[in-house]
Structures are given as C-alpha cells and as structure tokens.
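Tertiary structure, described
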Amino acid sequence: MPVSYRRTLGHGVATVTESVPKPALLSVDHLTVEFAGRAGFGGLGAKARPAFRAVDDVSFSIAPGETLGLVGESGSGKTTVGRALVSLIRPTKGRITVAGKDVSSLSRQDALALPRAVQMVFQDPYGSLNPRFSVERTLAEVLSFHKIVPPLETGAEVRRLMEIVGLPASLTGSLPRHLSGGQRQRVGLARALAVRPSVLVLDEPVAALDVSIQAQVLNLLRELRTTLGLTMLFIAHELGVVRYVSDRVAVMYRGAIMEIGTSSEIFSTPKHPYTRSLLAAMPRLVPEKRSRPPVLSTEVESEAGQGCRFRARCPLAAPICGTEPAATKLSPTHFASCHFAA
Amino acid sequence: MTTEAATHTLPAGVLARLTLELASWSFTLKLGLGLFTIIILMAVFAPWVAPFDPELQDFDVILMPPDLTYLFGTDNLGRDIFSRVIYGARLDLSAGFVMTYVPMVYGVLIGAYAGYRGGWVDTVVGSVTNMAIAFPFLVMIIVVVAVIGPGVNAIFISVFLLAWTMYARLARAEMMVERGKDYMLAARVLGYPTRIIVLRHGLPNTIASSVVFSTSDFILNILLLSGLSFIGLGIQPPTPEWGAMIADGKEFILQAWWICTMPGLAVVLTGTALSLVGDGLSRRLGTRHGSMG
Amino acid sequence: MTGYLLEVEDLTVAFASRDGTVLANDGVSLKLRPGETLGIVGESGSGKSVLCRAILGLAKGKVTARRIAFDGRNIDEMTPAERRRLRGSGIAMVFQSPKSSIDPVWSIGDQLVETVRLHKPVTRKQARIEAAALLDRVGIASSLRRLDDYPHQWSGGMLQRAVIALALAGNPRLILADEPTAALDVTIQDQILALLMSLQRETGMAMIMVSHDLGVIAETVDRVAVMYAGRIVETADVRDLFQAPQHPYTAGLFASMVAGSGQDKILTPIPGQPPDLQNLPGGCAFAPRCPRVRVECNRSVPRIDASVARANACLFPIGEPLAMALQP
C-alpha cells in the first residue's frame, strides 16, 4: 500500500505529496542550518560575521537500500547537510528521522542511538584516521565501545570487516602512514560499517583519491550496495561519480535543493537550469580543443537576493524569478524548483 | 576485489619492532640519551660509584687539587668533590624530574581539554593561565619560604603552582589544530564521549611539543634549583647539590677553582645531554607527523 | 636553431630520502614547438609537477639533464640574471591552488604592478594601467577598482584569473599550467579553461597543461604525454590517444574514468596501489598492475621522447598481439 510523504522543495511555498513504495529509512524534514551572526569583539580576536544560512529548508527521504546522491558546488550546503545528519552540526530547524526515530533531538540516555543509526565516511584519507592507531585498533575500538560483538570475537570481526572492504589481512597491524590513500579510505569505510549503521553518509569519499583508485573504491561501494543492502547518502561535487553509485540524485545550490529525481531523470532529462549548467560544464571526453564559451559566465554572488537563488546566474532569468519558485512535479520521482521547469 | 598489500609492512615480533625503532634514531638522539643514561646510572649507583662519603670531613686534606685519590679535588672542609658531585646528581636529577614532569601532567591535561572544548572553558582557562604567567616566580618562592621555611619543598610548591602554564599553552595549541582533523570528528560521530576523544585520541597526538619542551624545562629547573640554592633559598648545607656547591666554592675560586668548576661542569654536561635528547626527539616526533604521503 | 621552443632531453630529478634515492623524474624527454599545446597526464607519483618545476629551475632535489633549452638556448649556460628574466617573460607558470599562489599580504594590484615592472621599464602609474588591462583580459570586471582588493576578498575562481593575469604580465611564450582547475568548482573550471584557451589562441603562446583529468586534456591540447612513476610511458596526438591508447596504463586510465552523463558504463579500475617511488620494481614500473604483464617486462623498458609523434614505453603495447615483442 503506498505511503504518502509530504515533501517540500524550494522555499516552503508549496507542499507536494508523492507516493513512495516503502517507508523511508532516513527522512529529513525542513532542515535549516543557520550559522549565527557574531558581533565583533573589538581588538580581542573575534571578527564580526553576519548570520548565514548554509542549509535552507531542505527535505528529502531515502528508502531502505537506496542511495541518494547529493551534488553541489562549494557553498551549496551539501557538506553541512551531511554533518547535520551525524550531529556534528546542530540543525537550527527541522527534523531528522532514522527508522522512525527522531534523531535530531536526542536525550542524554539515548546519546548512543544516533551513532548506531547514522555513520559517516570522510573525505580526507590523510586526516580521517588516528595516525597512532593501527587498522586493528581503530576497528576494535569501535566494536568494543559499542559492544557489537563479545570481546573474544573482536579479532574475527575486525578481519571480517577488512575483508568486506577489500583490505588484505596482512594490513591488520599497519599504521595509516603505511597505507595508500585508497587503503585508508577503505579503513574509514570499515570503521563506519563496524557499527552496522542503518544509514551511511559519505562526504566526498573519493575526491582526494587518484583516478585509478577512485574507480576501485566506487566499484566497492556499488558492490556493497547490493551485498549489504546499504542505504547511503553520497555527497560529491562531481556528477559522473555520483551517477555511478546513486539511485536518485538531488542537486543543491546555495542551501536549497534545485532538482531531485532518479539518476536517469537527472542526467537524461534535467529540468532545472542549474542542473543543466552543471552537466554542460563538465569537460567532454572528446579530443577537440574547445572554443565554446563557458556555460555560466558569472561567479556566485555574495549576497542572496529575493526570489530564486539561482536568478543572478541563470540563462533563463525573467521577472517572474523574483518570486521563489514552487517545486514542479515532473514525475512521481522528479521535482525541480524552477518557474520554467515543465 | 582485494587490493595488494602495502609496500611498508610491519615486522611481527616486538623485539624486531624495537630494533627497527632504535635503528631509526638519529645520532644526536642516541648520543644524548646515552650520555643521560650514564649520568642517571651514576646517580642511582652513587653509593658504589662514589669513593667517599660526601659529607665526610677530613681536615688533613682540605683544598687539595684533583689527583688520583680525590678525582675532583677536595673542598675547604676536606670533603671529596667527586663524591659530592655524584650524590648531588641524585638530588638535582630527581628534583628536576619532579619539577618538570609533575606540572607537565596536569598542564597538558588542562591545555588539551581547554583546546578541545573551546568556548567559555577555553576563555576561563586562558585567563587563569595568563594570571599564572604574570605572577612573578621569585615573589612566590619568597612567600612560600616565609610560610614553610627554605628548602626543596618550598621550591616544589612554587613550581607546581606556576610552571604548568607552558605545557598548557603548548598542548592547547596543538589540540586546536588536531580537533579539526577528520579522525577526531569521526570519533565524535562514532559516539565516543569527550573524555575518550581528548585522552585517547587527541592527547597522544598533541604532546609532541610538550615532550620536546620538557627536556629544556628539565635543565632549566635544575638551573633554577641550583640558582636558588646559590642564593640560599633552596637546599641547605651540608646536603650536596650542584648549585649549593658552586655557591660554597665561590670564595675559593682563585686558590681552589675545582670546587665550583666541577659541579658547574656537571650541570653543563647534563644540560648538553638533555639538549641533544630534545633536539633528537623533536626531529623524531616531527617526522612522524610530517611523513611523505 | 632547431625551431623548437622548449627542448628537454633526458631530465632526471633525484631526491635523497631515508631509504635511498628517489627519482621523481627519470629520463624525461620532450620537445615543444612555438604555439603548440602539450598535455601531461598522470596521477600522484607520476612526476608531472616536478617536471614543470624542473623546467623553470625551481625543482628541489638534484636535477640532471643532457639538455634543457628554451628557444635554442641552453638554460644551463644562462647567467642567473638571464634565468630570472626567463621566468615570467619566457616561461610562466600557473599553479594548482590559487589561494597559495598569491601573497595574502599584498593587494592584487601591488602584485600585478610589481610583476609588470619586472618585465618592462615603466612608471608605477603606467604599470597600474597595464595591471588593470591585464585584469580585463582575464575577465575581471571593474578592474581599476579591484586593483586595491586583497586576495582574501576574492573567490577561488577570481584568484585563479589573477594568477593567470600575473602569468601573462611578462608576455610569456610558454605557459606551464599545473592542474590549474583542480581546486575549482566545475562551473568555474569551465570558465577558467575557456579563458586559458582563448588567451592561447589570442597570444599564440605555447602551453603545457598538466592534469589528471582526461576531459580537461581533451579540450585543451594538441599532443599528450602520459607519465607514470617519473617516466613518460606514452606520447601521441590527442586524437590518437583517445581513439587507440597503446600503453596499458593509458588504457587503464580511460577504463577507470567515469564517463560524463551518458551510458552506464562499468568501471574497470587499475588494480593495485600507486607506485612507491622508493621501491620501484626493476624494469617496467607499471608491471605489478598491468593486465598484459609478461616475464620480459621486468627487464629494462626504453625511455621515449615525447617529441616523437607516437611512441610508447611498452614491450607489448595494445594493438599488437601479445606474441610479438615489437616496439614502434
């Protein structure tokens, strides 16, 4: 029986009801993250800073076993969304629900519920592991702290985790400085999986890796999607990479979702001008020296204006764009926030 | 799909690992540690190494220059300087150790915690640190001596109250760098409590500069002790202590230069050894952090 | 006069390390004609960045080469003063990270003026006008007013434009661009690449574009040299390289890349780890990861010259049956 979910895209102007076949495992509702403004403190150090909304009323859900790709350039808010999901950043408004439980406001007793529900894989292979801990120690610590397996089985579980992520057992005692970037990312992945989370958030997991190693890790993620039935939020700035591992893709710009849909919808029939710009801006793998002008000729504005946040750079900008666009439903799974989306 | 083994794999046995570690030490570090070990061993085995009782006075042999019996000569009371230097090492080394490493323990903890928490905790700790730094040490010593009398305890109390600040600053600075690193964030995301994050994850990676500084601090503390003993606020006679010996010998510097020079050389030698250790350590710990790839 | 703008013959850059010598560049040779664009493709450890620095004489480590010549003149034979003049007016460089390429303490204008005056005897006032003109050329609006901005006020894309302006200040005949867009967003990368190409067309300067991104290479260069573990392993016209790569590493790179929007292609990654320059195998450095490896591959593998139209450093290149141990 179809379950209805209210989803809002754009700036809370319209509410769209859609049918999804399974209840969502992860549900983000009206997430807003605002960094408070700060008054300067004279000569004592703190600089004055205006209030800044990194994430503005973002809502999406992920079904069990599904991978949602979150794409955006710098300043889009995608990293902030990821960090809010694991409680590294406190949401200003909104609610995050995992497996029916509201994790955005947890009591002290329940403090361990969130780490067991949502885990994160970080971007930087060189900073994401404790330089003094061997692979075994890093993984064993997680297992013993969360009491995942009885103490006697820790060693076996560590080896099992390493096997899942494709690390040879000979690396058990290795320190991070003995490992390559790709191997370190695998350790980070194993660490996140050790807790057996319901949802995995990956924050640009392959951006810092060589191309040939990226491909290894991406293939691993694809494989784990099927073998472990992972539910993932895959954050990246490269569309091609996102497409390779995601079922659905959401495109963010300046704190809001511009377009969301299945991979094929986004890549074959993008409806939002920003999505189209992103796709067009990717260098083509055709050996011909370019003579075409850039897709977008301006930079991101420092001040957000009224109405659509992409207005200042949009090739289709018109007077109507002075009002924030509602989400246009293009299909049961495809939505775009643009007046001209149809 | 598995990956190939890393090109740098660790040898299995603990002994093998230890040998590998020792081999990677620089000459500076080995020299410094070797020298320091000799000094410590001499202090520990003082009763066996020292030919005479350091407090034994023999008026037949006062102010004798160094010879085969009295290796460093004798002082104005006929005491063997060599034995006194050896026994003095016991005092100076143990006092130096206490004056350095006790404040280091809580200094590092305070600094690391403040650096990690930031916010008002950091501000409060910062103010307390600044007050301790601003307080003149000599005044503190004099106050404490006035209360409990001169001696090594007065020095210890003053040092414990004021000397932790450098360690707090060093640890705080390093922790502020470390806390932004992804592995610390990962520890938070994994649900580890602050206590574990700071102590088990952050601290080992933030004490490098404190450890290196402690080698300098050690010798500075010995000099402090010697200096205070020199002006009469520290060790009281007849206990042998290098500074006190230098003070005693200053009147005889023209006729019996060995009385102050020998303990002075002991101070210099210890300082050099510690300096070499500090230098070697800083390079060793530095490379660990900044290795290629 | 050879007619070549840049000639590099048998360049080797060696670094001393704890476990012996590391050859960041091992016997690299290439030649570039005026106005030509050459792409250098490689991942980490390939030596591509060190190559650029070595050409400019900025490489740390021991640099030995049979010959490095610019416009026919041996760089070794130049006086230090001549070499300094060469940098900026003969060869200019654009680095990867704009935020660390620009001095944060000086205004953009100050740095541009300083560079302009280094290459031309003009007054400060004239230099300022030229600086503004340079900013115009790289697409920065209100250039005169922006001269007084400080680097921290500008975005990454704008800073990279400023870096390009600084590079142009001396009217160089060759620009070395070392991953100039790697640190930038896709839409900004698009802008910077368009800018570089239009400037290249406009000035006729030669360019060496270093990148790990084959898409960037495809759109910007005439010829390509592929580097691995400090050596050039394949060289070809860009069209030939894309159509029929000969070296297994090149083919592996193509197979590892996620193609742009389009078909759902399964990636075939190159197995194994990136090369450890301290522990290179004898013979071909790629052998441990090569799907076509044979016993012979562990013996010596020839050095190739990247001025030759088409060459590869493989004993069993793709396109030839494995049975034949032939080499073009």
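Residues numbered from 1 in each chain as written. Chains lettered and ligands numbered in written order. Predicted model: local features only at pLDDT ≥ 70, side-chain atom pairs only at ≥ 80, totals over all residues.

Topic: the overall build of chain A
Helix and strand counts for chain A come out as nine helices and 14 strands. Nonlocal contacts in chain A, meaning residues at least 24 apart in sequence, comprise 64% of its contacts between residues at least 6 apart. (Helix = DSSP H or I, 4+ residues; strand = E, 2+ residues; numbered from the N terminus. Contact = placed C-beta atoms within 7 Å.)

Digging into the interface of chain A and chain C
Residue-level contacts link 38 residues of chain A with 37 residues of chain C. Residue assignment for the side of chain A that touches chain C shows that the elements contributing at least two residues are helix H6 (211–227), helix H7 (239–245) and helix H9 (273–281) of chain A. Among the elements that take part in the side of chain A that touches chain C, H6 of chain A stands out by supplying seven residues, more than any other. Each residue belonging to the side of chain A that touches chain C can be placed in one class, and the counts come to 20 nonpolar, 11 polar and seven charged. (Nonpolar A, V, L, I, M, F, W, Y, C, P; charged D, E, K, R; others polar.)

What to know about helix H7 (residues 152–162) of chain B
Residue and element names in this part refer to chain B. Within the span of H7, buried status applies to Val-152, Ala-154, Ile-155, Ser-158 and Val-159. Relative to the axis of H7, the buried residues are bounded by an arc of 160° and lie together on one face. As for H7, its buried residues are in contact with helix H4 (81–117), helix H6 (137–148) and helix H11 (208–230). (Buried ≥ 20, exposed ≤ 12 C-beta atoms within 10 Å, placed from the backbone. Arc of directions from axis to C-beta.)

Quick look at the interface of chain A and chain B
Each side of the interface is counted separately: chain A has 34 residues, and chain B has 22 residues. For the side of chain A that touches chain B, the secondary-structure elements that each account for two or more residues are strand E8 (118–121), helix H3 (135–145), helix H5 (181–194) and H6 of chain A. For the side of chain A that touches chain B, the leading source of residues is H5 of chain A, giving three residues. For the side of chain A that touches chain B, the per-class residue count stands at 17 nonpolar, 13 polar and four charged.

Observations regarding the sheet that holds strand E7 (residues 91–94) of chain C
Residues and elements named next belong to chain C. With respect to topology, seven strands assemble into an open sheet ordered E7-E8-E9-E3-E10-E11-E12, the strand pairing being mixed. The open sheet has two edge strands, E7 and strand E12 (311–312), and neither has a second partner. Pairing of strand E8 (residues 174–178) with strand E9 (residues 206–211) involves five bridges; the strand directions are parallel. Paired with Ile-175 across the two strands is Met-207, which belongs to E9. Helix-sheet contacts for helix H1 (residues 48–56) involve strand E3 (37–41), E7, E8, E9 and strand E10 (223–228), and the interaxial angle to E8 is about 150°. Each of E7 and E8 touches helix H7 (residues 156–168); the most contacted strand, E7, lies at about 175° to it. (Pairing = 2+ DSSP bridges. Axes fitted to C-alpha atoms, helices over the stretch in contact; angles between N-to-C directions.)

Remarks on the sheet that holds strand E6 (residues 93–98) of chain A
All names here are of chain A. The strand order across the open sheet built from four strands is E4-E3-E6-E7, with neighbouring strands paired in antiparallel fashion. If you trace the sheet from one side to the other, it starts and ends with strand E4 (52–62) and strand E7 (101–102), each paired once. Relative to E6, strand E3 (residues 26–35) is paired through five bridges, and the arrangement is antiparallel. Paired with Val-28 across the two strands is Ile-96, which belongs to E6. Contacts from helix H1 (residues 78–85) reach E3, E4 and E6, with the element oriented near 65° to E4.

Overview of the packing of H6 of chain A against helix H11 (residues 248–256) of chain C
At a minimum axis separation of 9 Å, H6 of chain A and H11 of chain C run at an interaxial angle of 45°. As the angle between them shows, H6 of chain A and H11 of chain C are arranged oblique. The chirality of how H6 of chain A crosses H11 of chain C is left-handed. The segment H6 of chain A lies against H11 of chain C, with Val-211, Ser-212 and Ala-215 of chain A engaging Gly-252, Leu-253 and Ser-256 of chain C. (Parallel < 35°, antiparallel > 145°, perpendicular 65-115°, else oblique. Left-handed = near helix turned anticlockwise from the far one by under 90°.)

What about the nonpolar core?
Of all hydrophobic cores here, the largest spans 277 residues; its most connected members are Leu-233 and Val-251 of chain A together with Ala-165 and Ile-208 of chain C. In terms of residue count, H4 of chain B provides more of this core than any other element does, 16 residues in total. (Core = buried A, V, L, I, M, F, W, Y, C linked by C-beta atoms within 7 Å.)

Section: unusual backbone geometry
All names here are of chain C. One non-glycine residue, Asp-10, lies in the positive phi region at around 55°. When you line up the elements, Asp-10 lands in strand E1 (residues 6–17). Here the phi dihedral of Glu-179 falls at roughly 50°; this positive angle occurs in a residue that is not glycine. In this fold, Glu-179 is placed in the loop between E8 and helix H8 (186–203).

Comments concerning the pairing of E9 of chain C
All names here are of chain C. Burial analysis of E9 places six of its six residues in the buried class, which makes it a mostly covered element. Residues Ala-206, Ile-208 and Val-210 of E9 are buried on one face, and the alternating residues Met-207, Met-209 and Ser-211, pointing to the opposite face, are buried as well. As paired strands, E3 and E9 are joined by five bridges and run parallel to one another. Within E9, the residue paired with Thr-37 across the bridge is Met-207. After leaving E8, the chain enters H8 and then returns to the sheet as E9, a path that is right-handed. (Right-handed = clockwise from strand over helix to strand, strands pointing away.)

Section: the confidence of the model for chain C
With 95% of its residues at a pLDDT of at least 70, chain C reaches an overall mean of 88. Every residue in residues 324–328 of chain C scores below 50 in pLDDT, and together they form nine contacts with partners more than four places removed in sequence or on other chains. (pLDDT = per-residue confidence, 0-100.)

A closer look at the pairing of E10 of chain C
Residues and elements named next belong to chain C. Buried residues dominate E10, accounting for six of its six residues. The side-chain alternation of E10 yields two buried faces, one formed by Arg-223, Ala-225 and Met-227 and the other by Val-224, Val-226 and Tyr-228. As defined by bridge partners, E3 adjoins E10 across four bridges and the pair is classed as parallel. Paired with Ile-40 across the bridge in E10 is Ala-225.

Here we look at H1 of chain A
Side chains that are three or four residues apart share a direction in an α-helix, a result of its 3.6 residues per turn. All names here are of chain A. Across the eight residues of H1, eight count as buried, placing the element largely inside the fold. Those residues of H1 that sit buried are Lys-78, Thr-79, Thr-80, Val-81, Gly-82, Arg-83, Ala-84 and Leu-85. Phi for Ser-87, located one or two positions after H1, is positive at around 70°.

Some details on the environment of Glu-174 of chain B
All names here are of chain B. With respect to the secondary-structure elements, Glu-174 resides in helix H8 (residues 165–178). A residue is classified by how many C-beta atoms lie within 10 Å of it, and Glu-174, with 22 of them, is buried. For Glu-174 and Arg-90, which are 84 residues apart along the polypeptide, the C-alpha to C-alpha distance reads 34 Å.

Observations concerning the packing of helix H4 (residues 108–119) of chain C against H7 of chain C
All names here are of chain C. Packing of H4 against H7 leaves a shortest axis separation of 9 Å and a crossing angle of 20°. Considered as vectors, H4 and H7 are oriented roughly parallel to each other. Of the two elements, H4 crosses H7, and the hand of that crossing is right-handed. Residues Ile-108, Gln-111, Leu-112 and Thr-115 of H4 form the contact with H7, whose participating residues are Ala-162, Ala-165 and Leu-166. Grouping the amino acids of the contact of H4 with H7 by side-chain chemistry returns five nonpolar, two polar and no charged.

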